[in-house]
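Below, each chain spelled out in residue letters.
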Amino acid sequence: MIARLSLPLFLLLPSLTFAAEAIDPGRIVSAATGDWDKDGTSDLALLVKPGKEIDEDNAIYIYLAGQDGPLTLKSAIPNKIWGQYDMVGQAPTVSALPNGSLVITTHNDAVGRDRWEQKLTIAYRNFDFVVAGYTYASYDTLDPSNTSQCDLNVLTGKGKSNDKPVSVKGELVLLKDWNDDRGQHACGIQ
């Protein structure tokens, strides 16, 4: 069961900061709560779009709550999550899984003939956030037989790509160090 924040999210937003800079609540595009560090308190993850006129990808901010204290910023990773909000079908999201992991979903459902969806499963391990799973699916709108699917456990290196087993070296990859090419290469989709 996913824990709930005891205060409404809108009451917390003005106080969320990274370094000395406050996050403009209008830039927050997706949020999820759950117990990421499994300490019995509700934590928070935010996807934040870049400021106006900044040519970067979206940032992810992950906060942990102490037993008796406020939310504390644990991880702030700018320019990390692809997606845009000017066009339908390209907005990324963050969501919580019942097991305490996060899922960051990016996709292109609107532009060109190549449509795809990518999911990164993020887990809290060794006091940091790591990519535990990588899932990717794509299809060509003009060639229905041109599809690909991959589901990889990054920690063990085992998975399936187009219904065939794949095995690569398992890794503990910090979210801040993750590159999507790493997952695509392991799945043989590049």
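Scroll up for the structure.
The paragraphs below set out a description of the structure included in this document. (Residues numbered from 1 in each chain as written. Predicted model: local features only at pLDDT ≥ 70, side-chain atom pairs only at ≥ 80, totals over all residues. Heavy atoms only, no water.)

## Observations concerning the pattern of salt bridges
Item 1. What the rule picks out here adds up to two salt bridges.
Item 2. With its nearest N and O atoms 2.7 Å apart, the salt bridge here joins Arg113 to Asp140. Of this pair, Arg113 sits in the loop between β8 (102-108) and β9 (114-125) while Asp140 is found in strand β10 (residues 128-140), placing the two residues 27 residues apart along the sequence.
Item 3. A relative accessible area of 40% means that Arg113 is categorised as partly exposed.
Item 4. In this structure, Glu171 and Arg182 form a salt bridge, with 3.1 Å as the shortest nitrogen-oxygen distance. Taken together, the residues span a long stretch of sequence, with Glu171 in the loop between β13 (164-167) and β14 (173-174) and Arg182 in helix α2 (residues 180-187) at a distance of 11 residues. (Salt bridge = Lys/Arg side-chain N within 4 Å of Asp/Glu carboxyl O. Helix = DSSP H or I, 4+ residues; strand = E, 2+ residues; numbered from the N terminus. Buried < 20%, exposed > 50% of the residue type's maximum accessible area, 1.4 Å probe, protein only.)

## Here we look at the nonpolar core
In a soluble, globular protein the nonpolar side chains are often hidden away together inside.
Item 1. In terms of nonpolar packing, the biggest core is built from 29 residues, with Trp36, Ile60, Ile62, Ile122, Tyr134, Leu152 and Leu175 touching the most fellow members.
Item 2. Those elements that place two or more of their residues in this core are β4 (43-48), β5 (58-65), β6 (71-81), β8, β9, β10, β11 (143-153) and α2.
Item 3. Once residues within four sequence positions are removed from consideration, Trp36 is found in contact with Asp43, Leu44, Ala45, Ile62, Tyr63, Leu64, Ala96, Gly100, Ser101, Leu102, Tyr124 and Phe129.
Item 4. Counting eight residues, the second-largest nonpolar core is a separate cluster that includes Ile23, Leu44, Tyr61 and Tyr63. (Core = buried A, V, L, I, M, F, W, Y, C linked by side-chain atoms within 4.5 Å. Contact = heavy atoms within 4.5 Å.)

## Considering the packing of aromatic side chains
Item 1. For the structure shown, the criterion picks out five aromatic pairs.
Item 2. An angle of 55 degrees between the planes, with centres 4.8 Å apart, marks the rings of Tyr124 and Phe129 as tilted. Like Tyr124, the residue Phe129 is buried in the burial classification.
Item 3. On the numbers, 5.9 Å between centres and 40 degrees between planes, the contact of Tyr134 with Trp178 is tilted. Pair noted here: Tyr134 is in strand β10 and Trp178 is in the loop between β14 and α2, with a separation of 44 residues, a long-range link. The burial state of Tyr134 is the same as that of Trp178; both residues are buried.
Item 4. A connected cluster of aromatic rings, assembled from ring pairs, spans Trp82, Trp116, Tyr134, Tyr136 and Trp178. (Phe/Tyr/Trp six-rings, centres within 6.5 Å; stacked < 30°, edge-to-face > 60°.)

## Regarding the state of the cysteines
Item 1. Enumeration over the complete set of coordinates arrives at one disulfide.
Item 2. Covalently, Cys150 is tied to Cys187 through a disulfide, its sulfur atoms 1.8 Å apart. Judged by the sign of its S-S torsion, about -65 degrees, the cystine formed by Cys150 and Cys187 is left-handed. Placement of Cys150 in strand β11 and of Cys187 in helix α2 is noted, with a sequence separation of 37 residues between them. When sorted by exposure, Cys150 lands in the same class as Cys187, which is buried. (Disulfide = S-S within 2.5 Å.)

## A few points about the side chain of Ser101
Item 1. By secondary structure assignment, the location of Ser101 is in the loop between β7 (93-96) and β8.
Item 2. The contact partners of Ser101, leaving out residues within four places of it in the chain, are Trp36, Ser95, Ala96, Thr121, Ile122 and Ala123.

On their own, these measurements won't tell you what the molecule is for.
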